[in-house]
Amino acid sequence: MKNGKMTLMSFGLLLLVSSCGVSSTINTIDPELLKESVTRISLKDEANSRTYYSYINQVNEIRQDNYLDGSAKQEIMPTGGFKLNNQLVEADVAMKDAPSNAKVIMSHDTLTFEAKKLDSSKLGRYRLELEYYVPTTFASAPLVEIKVNGQLPFSEAQTIGLPLLYKDNVSVDENGAKVFDKTRHDDEMSPNQTRRQGWQKEGIYETTYSTTEPLVFDFDTTSPVISITNLSDREFYVGSLTLKPVEKPLKYAEYSKNLSSLGTDNLELNAIEYTYKNSNETTLANEQSPAVTPYEHDRKLLNVTSGWDTSGQAITWEFEVESAGYYPLTMHYYNDMSNFPLYRKIEVNGKVPFAEVANYEFPTTGAHYSNETLHGEDGKPYYFYLNAGTNKITLTATAEPLLDIYTNLMAVYNDINDFSIEIRKITGSAVDAYKEYYITKHFPTLVGDLQAYKNIITDSYYKLRDIVGNDKSSSVLSYFQRMFELIDEIIEEPDDLPLNLAKFSSGDNCLAKLIADTANSLKTTNMILDTIYVTNDENAIRPSNASWISSFYSSLVTLGQTFTSDKYKTKLNDGELNIWSARAQSYNDILQTFADNEFTPNTICEEYPEGIKVNIRQMPSEDNLIYAYAANTVPNLSPKNAWNTVPDLVLGINSGRAFEFALRGDAAFPLSDFGVERDWKYTNANHWGFTPYYWDVADNMPHGQLMSMLYNDKFYSLPESTSAQLMFS
């Protein structure tokens, strides 16, 4: 009996270990087994051997710790292209702002940079930094190709993006703070963005910014030649190319060994006061919470960053320091990741001061904000030296600590897709459910490949679980249990794989999709930043969250405003063009401001000396239209008898609603009647007496999209937007 119990316990332990479930106590798989699995998958696709990830691993294996020193740095000028001959780069940029001997790259032309002869002690790893100027004719970053000695060092060098810089198009007050446009309800609006024009000097990254630092190029010849080809259809201007040797990373212990005088300034940098950024997707937003600043309970103020969730997105703050010295940095932020940290590269005055902040980990904050004073493993704060005068702090989103996991998972995903195509070549487009395909005879390595998938997925799970914490759950771990179930089912019956392609590669919840979704979630790193503190005085740092009394009071006020504030009512104003919109309030605010600033002033005439005023209100539900119509008789649309509860125009409703109202006779007005005759003025049914022509707008729409709006040969609405699927080669 005892032996039976022991056997049962051993069997239970075996199940526990082999299940790869959350309860397993194994924290990793054998490194050699993982390496063998990754190599097995990588060798199947020749493209994998040409990636930067593979390239840099090979280079680092050869170079090891053989770093170069700063004396190997070179700044070289291009050959080829055309000199600017002291002309203006653009009307507002004089050549005095350009680097000496600036060149221009014409469309699809190539510039060559010939490095000075390198002796054997200066052969090794270098990063490239390009000086360039991009005219305003570019709507997005220019693309270039980079070759070394006529060859692509890795596949990513075939398409390199040169980032553009952006700033908020706002005025500033006497204190230098940004002044934002306001809605008619006094809420602040997110500003327009404009290009920050000028010469830039930027490191070379691949387009997805998978690395924290610029790409590394290994020079193993004494006279390397770098060629840069413009892939864009427009010209831009290029100055020097700097070859920066990869030096040994400076650790904080070395950086701080001369730590002496501490600065005495107490600076509170609001996140919204950034100077510039490299992505127009990073914007400002309102967080209606007393935990952030600025905050007012009766109106919405811009107070935090938004959309800062993609690797490579950088934001820079410039500020003045009176007292030079060492300062700790504290970030008041919210981590939008569910029980998972996010990472930022910290730069001070243009460089990463020490290695520990190249990929600084910001912990999860739960449902609240947190103050994070940048610190080491011992809990002691890092100190950063700031000069007297103007200083810069740059925070860049990065996911490099997760690069190995991401790359391995995507290798499995790509191999699954490639293998599925090979299976389709055997089965055809339609799989015969009654046929034995004996797929392992066609692919003898199948079982080994599937086991390699499982090894990689298992290793990824354990590494992510270690980051999350063994006793915690996170959205990044949510698909792994199902992955293990699917891969085990397929390994158990590999010859049935053609019958299980829906589970393997083509279903909504197939193995390939679960892997890709998990990998892509690792690239999302959304930080909502409120404040950066630069101070040695802990008392100058506000609490990370408001007291429960303040939060409760704020919630009550916000709730009360939904009943009392004018902006939340579907109120109609007599003598104005009343519009109900089924869009978000922020959308309506932008539309209202546009109408007030652009439409109303341009409609001033003798009949309307103040212009046609527009009143846009948020419609809580499309059913409100039905209720409003039921409460009234059919309106006479003349100004004298303006309807009190039904708007003149509705935006954002389902396309079928117009047809439903048209069925009710005169519940809706046929828009196609506007402009039946070009010289006709539809005064009786039109409040304002102007003559809009329906087909002037409708002709720009796909006519098939109008069919749901047709009733009795008349059209009762217009599409606000249309979408189409495009395929790019």
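Residues numbered from 1 in each chain as written. Predicted model: local features only at pLDDT ≥ 70, side-chain atom pairs only at ≥ 80, totals over all residues. Heavy atoms only, no water.

A. Structural detail: the overall build of the chain. Broken down by element type, the chain carries 15 helices and 33 strands. When each of the 729 residues of the chain is scored for burial, the buried share is 44%. The contacts of the chain with a sequence gap of at least 6 include a subset with a gap of at least 24, amounting to 78%. Accessible surface computed for the chain: about 37,800 Å², of which carbon and sulfur atoms make up 50%. (Helix = DSSP H or I, 4+ residues; strand = E, 2+ residues; numbered from the N terminus. Buried < 20%, exposed > 50% of the residue type's maximum accessible area, 1.4 Å probe, protein only. Contact = heavy atoms within 4.5 Å. Areas by Shrake-Rupley, 256 points an atom, 1.4 Å probe, with all protein chains shown as cover.)

B. Spotlight on the packing of aromatic side chains. Inspection of the entire model under this criterion finds 29 aromatic pairs. Where Tyr-52 meets Phe-154, the ring centres are 4.8 Å apart and the plane angle is 70 degrees; that geometry is what we call edge-to-face. Highlighted residues: Tyr-52 in helix H3 (residues 52-63) and Phe-154 in the loop between strand E6 (143-148) and strand E7 (160-161), separated in sequence by 102 residues. Where Tyr-334 meets Tyr-369, the ring centres are 5.8 Å apart and the plane angle is 40 degrees; that geometry is what we call tilted. Taken together, the residues Tyr-334 in strand E22 (residues 329-335) and Tyr-369 in the loop between strand E24 (360-362) and strand E25 (370-373) connect sequence positions 35 residues apart. On the basis of relative accessibility, which here comes to 7%, the residue Tyr-369 falls in the buried class. By the ring-pair criterion, three or more aromatic residues cluster together here, those being Tyr-252, Tyr-255, Tyr-326, Phe-354, Tyr-382, Phe-384 and Tyr-385. The cationic tip of Lys-178 hangs over the ring face of Tyr-274; the distance from NZ or CZ to the ring centre is 3.9 Å. (Phe/Tyr/Trp six-rings, centres within 6.5 Å; stacked < 30°, edge-to-face > 60°. Lys NZ or Arg CZ within 6 Å of the ring centre and 35° of its normal.)

C. Region of interest: the environment of Leu-556. If you trace the backbone, Leu-556 turns up in helix H11 (residues 548-564). Exposure remark for Leu-556: the relative accessible area of 45% places this residue in the partly exposed category. Along the sequence, Leu-556 and His-297 sit 259 residues apart, while their C-alpha atoms lie 9.7 Å from each other.

D. Expanded view of the side chain of Glu-622. Within the fold, Glu-622 resides in the loop between strand E30 (614-618) and helix H13 (623-630). A polar contact is formed between the side chain of Glu-622 and the backbone nitrogen of Asn-654, at a distance of 2.9 Å. Side-chain polar atoms of Glu-622 contact the side chain of Arg-657, separated by 2.7 Å. Dropping the residues within four chain positions of it, Glu-622 is found in contact with Gly-652, Ile-653, Asn-654 and Arg-657. (Polar contact = N/O pair within 3.5 Å; in protein donor to acceptor, adjacent residues only side chain to side chain.)

E. Broad picture of empty space enclosed by the protein. What the rule picks out here adds up to five cavities of 30 Å³ or more. Taken as a whole, the largest cavity holds about 70 Å³ of empty space. Secondary-structure elements contributing two or more residues to the lining of the largest cavity are helix H12 (585-599) and E30. Split by residue class, the lining of the largest cavity holds one nonpolar, six polar and four charged. (1 Å grid on protein atoms, 1.4 Å probe; cavity = no way out; pocket = protein on both sides within 12 Å on 5 of 7 lines; lining within 4 Å. Points joined across faces, edges and corners; volume = space filled by probe spheres on them. Nonpolar A, V, L, I, M, F, W, Y, C, P; charged D, E, K, R; others polar.)

F. Fine view of the pairing of strand E27 (residues 389-398). Here E27 lies mainly inside the structure; seven of its ten residues are buried. Pairing geometry for strand E20 (residues 314-321) and E27, over eight bridges, is antiparallel. Paired with Ile-315 across the strands is Leu-395, a residue of E27. (Pairing = 2+ DSSP bridges.)

G. Representation of a nonpolar patch on the surface in the model. Judged by side-chain polarity, Trp-548, Ile-549, Phe-552 and Leu-556 come together as a nonpolar surface patch covering roughly 500 Å² of accessible area. Assignment of secondary structure puts Ile-549 in helix H11. (Patch = residues over 30% accessible without salt bridge, like charges linked within 9 Å, V, L, I, M, F, W, Y side chains within 5 Å. Salt bridge = Lys/Arg side-chain N within 4 Å of Asp/Glu carboxyl O.)

H. Layout of the side chain of Ser-232. Residue placement: Ser-232 occurs in the loop between strand E14 (225-230) and strand E15 (236-245). Of note is the side chain of Ser-232, whose polar atom sits 3.0 Å from the backbone nitrogen of Leu-143.

I. Structural context of the sheet that holds E6. Spatially, E4-E14-E6-E7 is the arrangement adopted by the four strands of the open sheet, whose pairing is antiparallel. Strands with a single pairing partner mark the edges of an open sheet, and in this sheet they are strand E4 (110-114) and E7. Relative to E14, E6 runs antiparallel, the two being bridged by five bridges. Bridged to Val-144 within E14 is Asn-230.

J. The nonpolar core, seen in detail. Ranked by internal contacts, the top residues of the largest apolar core, which has 46 residues, are Phe-504 and Leu-511. In terms of residue count, the dominant contributor to this core is helix H7 (residues 446-468) (ten residues). The contact partners of Phe-504, leaving out residues within four places of it in the chain, are Ile-416, Phe-419, Ser-420, Leu-450, Tyr-453, Ile-490, Leu-497, Cys-510, Leu-511 and Ala-512. If you look at the next biggest cluster of nonpolar residues, it comprises 41 residues, including Leu-302, Val-321, Tyr-327 and Tyr-360. (Core = buried A, V, L, I, M, F, W, Y, C linked by side-chain atoms within 4.5 Å.)

K. Inspection of the packing of H7 against helix H8 (residues 480-492) at higher detail. One way to put it is that H7 packs onto H8 with a least axis distance of 10 Å and a crossing angle of 165 degrees. Relative to H8, the element H7 is oriented roughly antiparallel. When the axes of H7 and H8 are compared, the crossing they make is left-handed. Across the interface between the two elements, Leu-450, Gln-451, Tyr-453, Lys-454, Ile-457, Thr-458, Ser-460, Tyr-461 and Leu-464 of H7 pack against Phe-480, Met-483, Phe-484, Ile-487, Asp-488, Ile-490 and Ile-491 of H8. Here the residues of the contact of H7 with H8 are counted per class, giving eleven nonpolar, three polar and two charged. (Axes fitted to C-alpha atoms, helices over the stretch in contact; angles between N-to-C directions. Parallel < 35°, antiparallel > 145°, perpendicular 65-115°, else oblique. Left-handed = near helix turned anticlockwise from the far one by under 90°.)

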